[in-house]
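Working through the structure, step by step
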Amino acid sequence: MKKVFFLSILFFSFLIIKAQDAAFTQTIKGVVLDEQSGNVLQNITVSVESLHLNVITDEKGNFKLANVPVGRQNIKISAIGYEDVVVPNIEVTSSKEVVLEIKLKERVKRLDEVKVISGRSKLKALNEAAIVSARQLSTDEAFRYSGTRSDPSRMAQNFAGVSGGNDARNDIIIRGNSPAGVLWRMDGIDIPNPNHFSTLGSTGGPVSILNINTLKNSDFLTSAFPSQYGNALAGVFDLKMRNGNNEKNEFLGQMGFNGFEFGAEGPLNKKTKASYLVDYRYSMVATLQNLGLNFGTGSATPYYQDGTFKINLPTKKLGTFSLFGLGGESHIHFLPESQGKDNLYSSNDGSIRDRDFKSLTGVLGLSNTYFFNSTASGKTTFAVSGLSSKYSETIVDGNKPNTLAYYKKNEQIKYSAGYTFNKKFNSRNQLTTGFTADINQLKLRQDYIKDGDSVLITLVNSNQTATLLKTFINFGHRFTDKLSTNLGLYYQQFTFNNTQSIEPRWNIKYQFKQNQAVSFGVGLHSQTQPLEVYFYQSKNNSGQTEFTNKNLDFVKSVHGVLGYDISFSKQFRLKSEIYGQYIYNAAVEKTASSFSMLNSGADFAFPDKTNLVNNGKGYNYGIELTLEHFLHKGFYWLFTTSVFQSQYKGSDNVWRNTAFNSNFVINALGGKEFKLNNKTTFGIDSKITVTGGQRYTPFNITASQNAGYVIYKEDEAYSQQLNTYIRWDLKFSYIRNLKKVTQKWYVDLQNLTGRENIYIRTLNPKTGGVNQINQIGFFPNINYQITF
């Protein structure tokens, strides 16, 4: 570890010495839109704050600022009748034009009635209805922050209320909720799990399919989200894919933890402003493993590849069409001879097994946005997405033929169609409504040998169609420029068992001083059970096979949150939130037990429980604090902390800690950019995470030895807690601009101290010996990127 550290210092020192002064410029361009209507705004002043450089938007809302010096620049957008906006610290490089989409909010009062105060776009979500528990996720921060691996999920784990504590997966645990309660959305379309090695119903994985190079700033919501979002209990990731440059061809090459990557973008038709964007990655884990790096998969090598594209086609009379797609393929094979050596995926009965896993995920979406007039628009969306995962375990015994012990293959094809209508009546009032139909075609199969048995039985063997119908309406009203509210209603129906849910949502925000605001939000939210759970089969008293979970209702949750925000200066703010969440209709067993589906979702599979009923309950409450110094003169820092309680009640009517009740999360990160000359910068970023240990259920060692397979003390479910998770990351970055070429290097030294954070505990049922497997130790993530 010390050698890697000092070699990194020497490498960057050499680069710094070789840097030479030069003066490069670039173009900043984009479009300015009305925040409420989404329509273009003309005659808007756009200027670079540090320069005497400004332009006016044309009749299509477009602007272009030429000859802007490379480096960090602040862009100010102002117009009579609209609130000023400042887009700070835009990174301008010599290789790529900067393309912005900026939204302005019309003032309720006339200009002479109110003092104009510039806002900073990062302080609020892109969705104007999301005014509580919402934060904008910046692609620039995802690249800059240490420890993120350019993964939006790991980026979100820096925010208050979000915990990770698992180096092997990027599951998003929000305020003690299961990661299965997170909704992923891309350009207005709900998408399947965007991670490699994904399975049906899960939302996380070891490596993200999402590519930060193809995304633009997006929204992350953690509670009481507005009525535009549904079928989620924990949070929402509302992602936006950027358009390609519609005037200039640009290219990207990159290699690092996420793989070898090549990207391209440019115009399809310069006259119509049609553009394309495409990117492809292929894993390089095998190469890195040969260097001795540990990825948490033992001696097995994970392989994965993914691709992303988007085509944007504006028309004169039919609106704007957009076609996007992303997909990924992944597979890994755990050889039987590696089981004893790795002790990573030991079986419950101690048998030696050959394991194989394959996953394929993809989504293709088409949308059309059409303006009826300057204040009313409609967006039509069509999408098809698919997920196929296959996992098998074969018992290998040299004295006997190999025996299939576990086989699972899930295939989902989802067809989605939706329409959203938006109307801005005036600066005070806005109405948004829409509907979506998701038609799920499912082909599910799972066979396994129960612990203590030798016969392969079938848990799932089903070809079914399950449709989820969703509709919403949201009315936004601004009493004044400082007081606004949203009142919404969401409805969904699951046609497979004809369950339905009507969910009111409401939030309000009051800026009682120029630098201070309070907010409040409340709402009812619901979510289907993991789809495969509805199709678990068992035999009734007559010996007939039936779906005993078919009639499960939605699990439901009431969210409430109170927030306070104060800006001490343009660069420094404090935000705090107090929240509570009551969960009911959770799936539990008919017979008295500690089981609850609320504890599932942070793994590759869901519990194989039949005969479930909606009698479970749960609650989460806590307080969060965010102290943030925005990037200014090259310096930034962020401190977030959360203290919370998360408990559930199974069918035995005993309140217990949930599997995700780590009780506290602390993140402290910061960094400094040093401008070495006009074309070169050097950066140091660091992050420290301290999280309460994961909850676990203790082994019943005596019963396990007698039975010959692992048995847990279910009456003590999640009563134990692993040691506190602590990790320190340190990152060095170097950016050099040449003529029309930009190179970026970074070395992210993750878990710099090599702390042995516990991953899981295992039990050998034959000897009664308990082992612990640690998470990834010291890991140097080295990345190189070139754009031209």
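Owing to the predicted nature of the structure, the values given are computational and were not obtained by experimental measurement. (Residues numbered from 1 in each chain as written. Predicted model: local features only at pLDDT ≥ 70, side-chain atom pairs only at ≥ 80, totals over all residues. Heavy atoms only, no water.)

Next up on the list: the overall build of the protein. Scanning the protein for helices and strands turns up six helices and 44 strands. In terms of C-alpha radius of gyration, the protein reaches 26 Å, essentially the compact-globule figure of 28 Å for 788 residues. Projected onto its principal axes, the C-alpha positions of the protein cover 80 × 60 × 45 Å. For the protein, the proportion of its 788 residues judged to be buried stands at 56%. The contacts of the protein with a sequence gap of at least 6 include a subset with a gap of at least 24, amounting to 65%. Surface accessibility of the protein: about 32400 Å² in total, with carbon and sulfur atoms responsible for 56%. Between the centroid of the 85 positive side chains of the protein and the centroid of its 64 negative side chains there is a distance of 5 Å. (Helix = DSSP H or I, 4+ residues; strand = E, 2+ residues; numbered from the N terminus. Rg over C-alpha atoms; globule rule 2.2 N^0.38 Å. Buried < 20%, exposed > 50% of the residue type's maximum accessible area, 1.4 Å probe, protein only. Contact = heavy atoms within 4.5 Å. Areas by Shrake-Rupley, 256 points an atom, 1.4 Å probe, with all protein chains shown as cover. Lys, Arg positive; Asp, Glu negative; His and termini not counted. Charge placed at Lys NZ, Arg CZ, Asp CG, Glu CD.)

This part takes up the pattern of salt bridges. The full count for this structure, using the stated rule, is 43 salt bridges. A salt bridge links Lys29 to Glu97; the nearest nitrogen and oxygen atoms lie 2.9 Å apart. With Lys29 in strand 1 (residues 25-34) and Glu97 in the loop between strand 6 (85-92) and strand 7 (98-104), this pair connects stretches of sequence that are 68 residues apart. Taking the relative accessible area as the measure of exposure, Lys29 reaches 6% and is therefore buried. Of the charged contacts, one joins Arg727 and Asp167 as a salt bridge, the two residues approaching to 2.9 Å between their closest N and O atoms. Residue Arg727 is located in strand 40 (residues 725-738), and its partner Asp167 is located in the loop between strand 10 (162-163) and strand 11 (173-174); the two are separated by 560 residues in the primary sequence. Considered together, Arg727 and Asp167 belong to a single accessibility category, that of buried residues. Connected via shared salt-bridge partners are Lys29, Lys64, Glu97, Glu247 and Lys273. (Salt bridge = Lys/Arg side-chain N within 4 Å of Asp/Glu carboxyl O.)

Attention now moves to the environment of Gln645. Relative to the helices and strands, Gln645 is located in strand 34 (residues 635-649). Taking the relative accessible area as the measure of exposure, Gln645 reaches 21% and is therefore partly exposed. Once the C-alpha coordinates of Gln645 and Gly434 are considered, the two residues, 211 residues apart in sequence, prove to be 36 Å apart. Apart from the residues within four sequence positions on either side, Gln645 is in contact with Tyr619, Asn620, Tyr621, Asn657, Asn661 and Asn663.

This part takes up the side chain of Glu393. Residue position: Glu393 is located in strand 22 (residues 376-395). Its relative accessible area of 11% is what places Glu393 among the buried residues. Beyond its immediate sequence surroundings of up to four residues, Glu393 is in contact with Arg353, Asp354, Arg355, Thr403, Leu404, Ala405 and Tyr406.

Within the fold, Asp190 resides in strand 13 (residues 189-190). Asp190 sits in the buried class, given a relative accessible area of 12%. Within polar-contact distance, the side chain of Asp190 engages the side chain of Lys470 at 2.7 Å. (Polar contact = N/O pair within 3.5 Å; in protein donor to acceptor, adjacent residues only side chain to side chain.)

Time to look at the sheet that holds strand 4 (residues 62-69). The strands that make up a sheet pair up through hydrogen bonds in the backbone, lying either parallel or antiparallel. Taken in spatial order, the three strands line up as 4-1-7 in an open sheet, and their pairing is mixed. The strands lining the two open edges of the sheet, one partner per strand, are strand 4 and strand 7. The mean angle between the axes of side-by-side strands here comes to 25°, regardless of whether they run parallel or antiparallel. (Pairing = 2+ DSSP bridges. Axes fitted to C-alpha atoms, helices over the stretch in contact; angles between N-to-C directions.)

All right, on to a positive patch on the surface then. Where like charges cluster on the molecular surface, the positive patch consists of Lys60, Lys271, Lys316 and Lys317. Relative to the assigned elements, Lys271 resides in the loop between strand 17 (259-269) and strand 18 (274-282). A relative accessible area of 78% places Lys271 in the exposed class. (Patch = residues over 30% accessible without salt bridge, like charges linked within 9 Å, V, L, I, M, F, W, Y side chains within 5 Å.)

Turning to the pairing of strand 14 (residues 215-221), a few remarks are in order. Among the seven residues in strand 14, five count as buried, and that is most of the element. In terms of strand pairing, strand 9 (residues 134-137) meets strand 14 through four bridges, oriented antiparallel. Paired with Ala134 across the bridge in strand 14 is Leu221. Taken together, the five bridges between strand 14 and strand 15 (residues 235-241) define a ladder with antiparallel strand orientation. Bridging across to strand 15, Lys216 finds its partner in Lys240.

Working definition: an aromatic ring pair is given by the centre-to-centre distance plus the angle between the planes. Using the criterion set out here, one finds 31 aromatic pairs in the structure. Considering the side-chain rings of Tyr145 and Tyr636, the 5.6 Å spacing of their centres and the 20° angle between planes classify their relative orientation as stacked. With Tyr145 in the loop between helix 2 (139-144) and helix 3 (152-156) and Tyr636 in strand 34, this residue pair connects regions lying 491 residues apart in the sequence. Taking the relative accessible area as the measure of exposure, Tyr145 reaches 1% and is therefore buried. Between the aromatic rings of Phe357 and Tyr391, the centroid separation amounts to 6.2 Å while the plane-to-plane angle is 55°, which identifies the pairing as tilted. (Phe/Tyr/Trp six-rings, centres within 6.5 Å; stacked < 30°, edge-to-face > 60°.)

Moving on, we come to the environment of Thr394. Within the secondary structure, Thr394 sits in strand 22. The contact partners of Thr394, leaving out residues within four places of it in the chain, are Ile352, Arg353, Asp354, Asn402, Thr403, Leu404 and Ala405.

A cluster of nonpolar side chains, namely Leu487, Trp506, Phe520, Leu562, Ile578, Ile623 and Val643, defines an oily patch on the protein surface of about 640 Å² accessible area. Take Leu562: it is sitting in strand 31 (residues 555-567).

On to the nonpolar core, then. Judged by nonpolar contacts, the single largest core of 32 residues is most densely connected at Ile172, Trp184, Met186, Phe220 and Phe237. For this core, the secondary structure elements donating two or more residues are helix 3, strand 12 (182-186), strand 14, strand 15, strand 20 (320-334) and strand 34. Once residues within four sequence positions are removed from consideration, Trp184 is found in contact with Ser153, Ile172, Ile189, Asp190, Ile191, Pro194, Thr203, Leu210, Phe237 and Leu239. Ranked by size, the runner-up nonpolar core spans 25 residues in total, among them Leu387, Ala466, Ala587 and Leu612. (Core = buried A, V, L, I, M, F, W, Y, C linked by side-chain atoms within 4.5 Å.)

So yeah, pure geometry; function would need other evidence.
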